[in-house]
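A structural walkthrough
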Amino acid sequence: MHEDIREILVSREQIEKRVKEMALQISVDYKGKCVFFIGVLKGCFLFLSDLAKNAAVDTNVDFMMLSSYSGTASTGVVRTMLDLKQSIEGKHVIIVEDIVDSGLTMNYMMKNLRTRNPESIEVCTLLNKPSCRKVEVPIKYCGFEIPDKFVVGYGLDYNELYRNLPYIGVLKPSAIRLEEKNECK
Ligand code: 5GP
């Protein structure tokens, strides 16, 4: 375990098993259709990769980058930093997100994408923190419900660190204290 991690909430094995289950469910639900995965960068990068690899359907992949977080606190203001390169009109869209917390990011994203006339749109998130919700989000596919703790790993960062950890873990308080700790050691 990484020295900055206090506790592992979801192990590598649990993630691998659950992502395969989710991919299977998507394959069943979208049999004969083409799924347009929209990954929310950067946190989705490992999850989307594993999900897409295990999904037995035709897929199209594109990305958006939104921003509402700085360090461990949400600013509550969502901005589009990077938009899709392709049209989603008439497509079966699945938004792939690392974690739904307040729901503000996903709410913004769904409103935005609905104006582009997809055939259908669903949300697939690896993690869900229901106790933090500020706006309701219809989540079709959810990997794990977790408590209100700031987590890192499997795509999720703290100031751009820890994304490569193969598990979901909680940081030690000592790892959170310095804002300037955003460089790799
Ligand atoms: P929301 O808008 O639902 O509050 O937050 C969504 C985004 O906030 C996620 O895509 C993720 O980037 C970030 N976020 C929320 N909770 C956590 C957390 O516990 N750890 C990390 N690393 N990011 C989080």
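Everything that follows concerns the structure shown earlier in this document.
**Description of the sheet that holds strand E9 (residues 168-171)**
With antiparallel pairing, three strands are arranged side by side in an open sheet as E1-E9-E8. Strands with a single pairing partner mark the edges of an open sheet, and in this sheet they are strand E1 (5-10) and strand E8 (151-152). Two elements, E1 and E9, share four bridges in a ladder whose sense is antiparallel. In the strand pairing of E9, valine 10 is matched with isoleucine 168.

**Side note on the pattern of salt bridges**
For the structure shown, the criterion picks out ten salt bridges. Close ionic contact of lysine 17 with glutamate 21 constitutes a salt bridge, the shortest N to O distance being 3.2 Å. One end of the pair, lysine 17, and the other, glutamate 21, are both in helix H1 (residues 12-29), four residues apart, so they sit about a helical turn from each other. Under the relative-accessibility criterion, glutamate 21 is labelled partly exposed at 34%. Three or more residues joined by partner-sharing salt bridges are found here, namely Lys42, Asp157, Glu160 and Arg163.

Conventions adopted
- Residues numbered from 1 in each chain as written.
- Predicted model: local features only at pLDDT ≥ 70, side-chain atom pairs only at ≥ 80, totals over all residues.
- Heavy atoms only, no water.
- Pairing = 2+ DSSP bridges.
- Helix = DSSP H or I, 4+ residues; strand = E, 2+ residues; numbered from the N terminus.
- Salt bridge = Lys/Arg side-chain N within 4 Å of Asp/Glu carboxyl O.
- Buried < 20%, exposed > 50% of the residue type's maximum accessible area, 1.4 Å probe, protein only.

Keep in mind that these numbers describe shape and distance, not what the molecule does.
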